[in-house]
Amino acid sequence: FGIEDLDSLQGAIVQSFSLPESLMVPQLSFAGSGMPIAAEGLPRLVRVRPIKSQHTLLMYWQLPNQLANYLSKPECYVSSLLGDEGHGSVLSVLKDRGLATELTAGAG
C-alpha cells in the first residue's frame, strides 16, 4: 500500500504523536504527604446551626492515595456501589425508612 518500510512509518508516528521534551515532566508523588486529616483526629463530629430550611446530609471519606490503582479505579467501584438506585441499594433502604429522597455518590 505504501512505499515506506514499517520502521520508517513507526518512526514518523512516534515523532508526530510523542510529547515534546519540554512538556515531559516527572510524575508527582504525594505519598510522603500523608492523609489530609491525621488518623488521630478522626472520626470527627461537626455540629452546625442551619441557615436554610433544608434537610441535607453531606458525608465525606478520605481515602489513601489511589494513583497506583488508576487502572482498576477502586474509587469508581465504591461510587457505583453507593450510587446504585436498584432494589436493596443504600438509597432504596433509606427511602423505605423515609430517611432520603435522593443520594449522590462520587469520587474525585
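Scroll up to find the structure.
Report follows, based on the coordinates.

1. Re the overall build of the chain
The secondary structure content of the chain amounts to 3 helices and 0 strands. Listing the helices and strands of the chain from first to last along the sequence gives α-α-α. Taken over C-alpha atoms, the radius of gyration comes to 24 Å for the chain, far larger than the 13 Å a tight globule of 108 residues would show. Dimensions of the chain, computed from the C-alpha atoms along their principal axes, are close to 70 × 35 × 25 Å. When contacts within the chain are restricted to residue pairs at least 6 apart in sequence, those whose partners lie at least 24 apart make up 38%. If you sum the accessible surface of the chain, you get close to 10700 Å²; carbon and sulfur atoms cover 60% of it.

2. What to know about the side chain of S89
Within the secondary structure, S89 is located in the loop between α2 (74-83) and α3 (90-96). Polar contacts involving the side chain of S89 include one to the main-chain amide nitrogen of S92, which spans 3.1 Å.

3. Observations concerning a nonpolar patch on the surface
Together, L57, M59, W61, L63, Y77, V78, L81, L82 and V90 give the surface a local cluster of nonpolar side chains, amounting to about 980 Å² of exposed area. At 4 residues, α2 tops the list of elements feeding residues into the nonpolar patch. In this structure, V78 sits in helix α2.

4. Details of the environment of L42
In this fold, L42 is placed in the loop between α1 (6-17) and α2. What L42 contacts, discounting residues up to four positions off in sequence, is I37 and Q62.

5. Here's the deal with the environment of P74
With respect to the helices and strands, P74 occurs in helix α2. Contacts of P74, omitting those with residues within four sequence positions, involve Q66 and N69.

6. Observations regarding α1
Across its 12 residues, α1 extends 16 Å between first and last C-alpha, which sits within 8% of the 16 Å expected from 1.5 Å per residue. The backbone nitrogen of D7 has a side-chain oxygen 3.2 Å away, supplied by the residue at the start of α1, namely D5.

7. Notes on unusual backbone geometry
Here the amide bond leading from L42 into P43 is cis, since omega sits at -10°, within 30 degrees of zero. Structurally, P43 can be placed in the loop between α1 and α2.

Basis of the calculations
- Residues numbered from 1 in each chain as written.
- Predicted model: local features only at pLDDT ≥ 70, side-chain atom pairs only at ≥ 80, totals over all residues.
- Heavy atoms only, no water.
- Helix = DSSP H or I, 4+ residues; strand = E, 2+ residues; numbered from the N terminus.
- Rg over C-alpha atoms; globule rule 2.2 N^0.38 Å.
- Contact = heavy atoms within 4.5 Å.
- Areas by Shrake-Rupley, 256 points an atom, 1.4 Å probe, with all protein chains shown as cover.
- Polar contact = N/O pair within 3.5 Å; in protein donor to acceptor, adjacent residues only side chain to side chain.
- Patch = residues over 30% accessible without salt bridge, like charges linked within 9 Å, V, L, I, M, F, W, Y side chains within 5 Å.
- Salt bridge = Lys/Arg side-chain N within 4 Å of Asp/Glu carboxyl O.
- Expected span 1.5 Å × (residues − 1).

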